[in-house]
Amino acid sequence: DGWKHGKRDPGTLFDIIGAKVRNNMIFRRESGDTGISLHHARDFEVAHNTVILNGTYPDCIEYRFAGTAGRIAANLTDGPITARDSAVAELAGNVTSAIPGWFASAGAGDLHLTAGAAEQLRRTGQPASGVEDDFDGQARPDGDNAAGADEIVPDGR
């Protein structure tokens, strides 16, 4: 049944199995919790998200509790990606040092990349299988993926 004396058995009971969290733009100005959180999760993939919390919480992406395991790749954040309570994840191509100047209008929550930021971030992402396009539905050029939800292409934003 997964529960023993009111405590969760991390090897048999999960809240999330096989989740894909991709191409999201998460922005916050006021206090709150982490931007993306995975608790009691397995076989998850968190890829190509942009999470800007403006210092309102210490961690932009958190994964926690024993048995939690998955992949976190090619995300663009302005704060850390943090494991807690014995969780594990494969981390690849994440950029956790985003600054307001990288975005079209960070103060207004427009997290589309500026041309300069896109060039700086080019080839930083480790593309996830099945993430062929970005937040706007524009194709991600093979081998040229930028971290985060937005991909600037020659004829668009």
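Now for a look at the structure at hand. Being a predicted model, the structure only gives us computed values, none of them experimental.

### Structural notes on the overall build of the protein
Broken down by element type, the protein carries one helix and 15 strands. Residues classed as buried in the protein amount to 43% of the 157 residues present. In the protein, once contacts between residues fewer than 6 apart in sequence are set aside, the share between residues at least 24 apart is 55%. Accessible surface, the protein: about 7,600 Å² in total, of which carbon and sulfur atoms supply 49%.

### Description of the sheet that holds strand E8 (residues 50–52)
The strand order across the open sheet built from three strands is E5-E8-E11, with neighbouring strands paired in parallel fashion. Two strands in the sheet have a free side with no partner beyond their single neighbour: strand E5 (25–27) and strand E11 (76–77). Of the strand pairs in this sheet, E5 and E8 are connected by three bridges, and their pairing is parallel. Counted as the bridge partner of Phe-27 is Ile-52 from E8.

### Points about the nonpolar core
The biggest cluster of nonpolar side chains holds 17 residues, and the ones touching the most others in it are Leu-76, Val-95, Ala-98, Trp-102, Phe-103, Leu-113 and Leu-121. Elements that contribute at least two residues to this core include exactly strand E15 (110–113) and helix H1 (115–121). Contacts of Trp-102, omitting those with residues within four sequence positions, involve Leu-76, Val-95, Ser-97, His-112, Leu-113, Thr-114, Ala-117, Gln-120 and Leu-121. Core analysis: the second largest hydrophobic core is formed by 13 residues, Ile-36, Phe-44, Ile-61 and Ala-87 among them.

### Brief notes about the side chain of Asp-59
You can see Asp-59 is positioned in the loop between E8 and strand E9 (61–64). Nearest to the buried, unbridged Asp-59 among oppositely charged side chains is Arg-84, at 5.5 Å. Setting aside anything within four residues of it in sequence, one finds Asp-59 in contact with Thr-34, Gly-35, Leu-53, Pro-80 and Thr-82.

### Regarding the pattern of salt bridges
Within this structure, the stated rule accounts for six salt bridges. Residue Asp-43 is joined to Arg-42 by a salt bridge in which the shortest nitrogen-to-oxygen separation is 3.5 Å. A salt bridge links Glu-62 to Arg-84, with the shortest nitrogen-to-oxygen separation between them at 3.2 Å. In this pair, Glu-62 sits in strand E9 while Arg-84 sits in strand E12 (residues 81–84), placing the two residues 22 residues apart along the sequence. Put simply, Arg-22, Glu-45, Arg-71 and Glu-90 are held in one network by salt bridges that share partners.

### So, unusual backbone geometry
Of note, Asn-23 is a non-glycine position whose phi angle comes to about 60°, a positive value. A positive phi angle, close to 85°, is found at Phe-65, a residue other than glycine. Tracing the backbone through its elements, the reader meets Phe-65 in the loop between E9 and strand E10 (69–73).

### With respect to the pairing of strand E6 (residues 36–39)
Side chains Ile-36 and Leu-38 of E6 all project onto a buried face; the interleaved residues Ser-37 and His-39 project onto a face where none is buried. Looking at chain direction, E6 and E9 are connected through four bridges and run parallel. Bridge pairing in E9 links Leu-38 to Tyr-63.

Rules and cut-offs
- Residues numbered from 1 in each chain as written.
- Predicted model: local features only at pLDDT ≥ 70, side-chain atom pairs only at ≥ 80, totals over all residues.
- Heavy atoms only, no water.
- Helix = DSSP H or I, 4+ residues; strand = E, 2+ residues; numbered from the N terminus.
- Buried < 20%, exposed > 50% of the residue type's maximum accessible area, 1.4 Å probe, protein only.
- Contact = heavy atoms within 4.5 Å.
- Areas by Shrake-Rupley, 256 points an atom, 1.4 Å probe, with all protein chains shown as cover.
- Pairing = 2+ DSSP bridges.
- Core = buried A, V, L, I, M, F, W, Y, C linked by side-chain atoms within 4.5 Å.
- Lys, Arg positive; Asp, Glu negative; His and termini not counted.
- Salt bridge = Lys/Arg side-chain N within 4 Å of Asp/Glu carboxyl O.

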